[in-house]
Amino acid sequence: MEHKTANEMTALTAMPTNGHKAYFPGSMPREEVADAGSVAHLELVRCIERLHRRYLDLFRVDLMRIGADDLSPAQVMMLFTIGPDDLSVRDLIDRGYYLGSNASYNLKRLVEAGYVERSASVRDRRSARIRLSDKGRQLCELVRGVDEGYHRLVVRDDAELRDLEVTFRTLRRIEHTWTDALRSGEARIA
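Rules used in this analysis
Residues numbered from 1 in each chain as written. Predicted model: local features only at pLDDT ≥ 70, side-chain atom pairs only at ≥ 80, totals over all residues. Heavy atoms only, no water. Buried < 20%, exposed > 50% of the residue type's maximum accessible area, 1.4 Å probe, protein only. Helix = DSSP H or I, 4+ residues; strand = E, 2+ residues; numbered from the N terminus. Arc of directions from axis to C-beta. Contact = heavy atoms within 4.5 Å. Axes fitted to C-alpha atoms, helices over the stretch in contact; angles between N-to-C directions. Parallel < 35°, antiparallel > 145°, perpendicular 65-115°, else oblique. Nonpolar A, V, L, I, M, F, W, Y, C, P; charged D, E, K, R; others polar. Phe/Tyr/Trp six-rings, centres within 6.5 Å; stacked < 30°, edge-to-face > 60°. Lys NZ or Arg CZ within 6 Å of the ring centre and 35° of its normal.

1. Some words on helix 5 (residues 89-96)
Considered for burial, the residues of helix 5 that qualify are Val89, Leu92 and Ile93. Across the axial projection of helix 5, the buried residues extend over an arc of 95 degrees, all falling on one side. If you follow the buried residues of helix 5, they end up packed against helix 4 (73-82), strand 1 (87-88), helix 6 (100-112), strand 2 (116-120) and strand 3 (128-132). Directly beyond the C-terminal end of helix 5, a positive phi value near 55 degrees is found at Tyr97.

Below you can see the structure in the form of structure tokens.
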């Protein structure tokens, strides 16, 4: 793994604290992590988990504000996973890394609420095809506007844009590395 500069590490670990001392459960404070020269994968995963939960909290508030309080943030994200495509349910599960039971429940709710259209496959009547309805596409457009606001909160100048791009590339590289490790059987406890 390549070594990151202090600025790149700060971009990965910086969290707004609203004037309070940063809290990093179970490990070293941020300053000590930078001094140590590395970040434990476990701490990175825990940070991502907290970031994800915080995003869902923020997103839930905005869904209520735009009048889409009949859906959970996970269900809205499923709309983006479907995107402009006409998919089989299996394709949706594979594309979104969903568990079958969660995908089935969320998809049922999306169909009932009119955000997704479900039809039988032309080739195999036992297989379902799904696509966004007009209502689903309209909601995605509203959410894109909300997302632009989130982006402006995080990226205020060119340096922060570069930091965000580095963070994204790093997280994607980690995702690919872990996926490859699972596929090749290298995911073993030492």
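Having seen the model, we can carry on.
2. Points about the packing of helix 4 against helix 6
Direction vectors running N to C along helix 4 and helix 6 enclose 85 degrees, while the axes themselves pass 10 Å from each other. The angle between helix 4 and helix 6 places the two elements in the roughly perpendicular class. Contacts between helix 4 and helix 6 pair Gln75, Met78 and Leu79 from the former with Ala103, Tyr105, Asn106, Leu107, Arg109 and Leu110 from the latter. Across the contact of helix 4 with helix 6, the residue classes break down as 6 nonpolar, 2 polar and 1 charged.

3. Some thoughts on the packing of aromatic side chains
Inspection of the entire model under this criterion finds 2 aromatic pairs. Arranged with centres 5.4 Å apart and planes meeting at 25 degrees, the rings of Tyr55 and Phe59 form a pair that is stacked. In this pair, Tyr55 and Phe59 are both assigned in helix 3 (residues 41-65), 4 residues apart and thus about one turn of the helix distant. Using a relative accessible area of 27% as the deciding quantity, one classes Tyr55 as partly exposed. Taking the relative accessible area as the measure of exposure, Phe59 reaches 1% and is therefore buried. Between Tyr55 and Tyr150, the ring centres sit 5.7 Å apart and the planes meet at 80 degrees, which makes this aromatic pair edge-to-face. Placement of the pair is Tyr55 in helix 3 and Tyr150 in helix 7 (residues 134-154), with a sequence separation of 95 residues. Joined through ring pairs, the aromatic side chains of Tyr55, Phe59 and Tyr150 make up one cluster. The positively charged end of Lys135 is found above the aromatic ring belonging to Tyr115, 4.5 Å away from the centroid.

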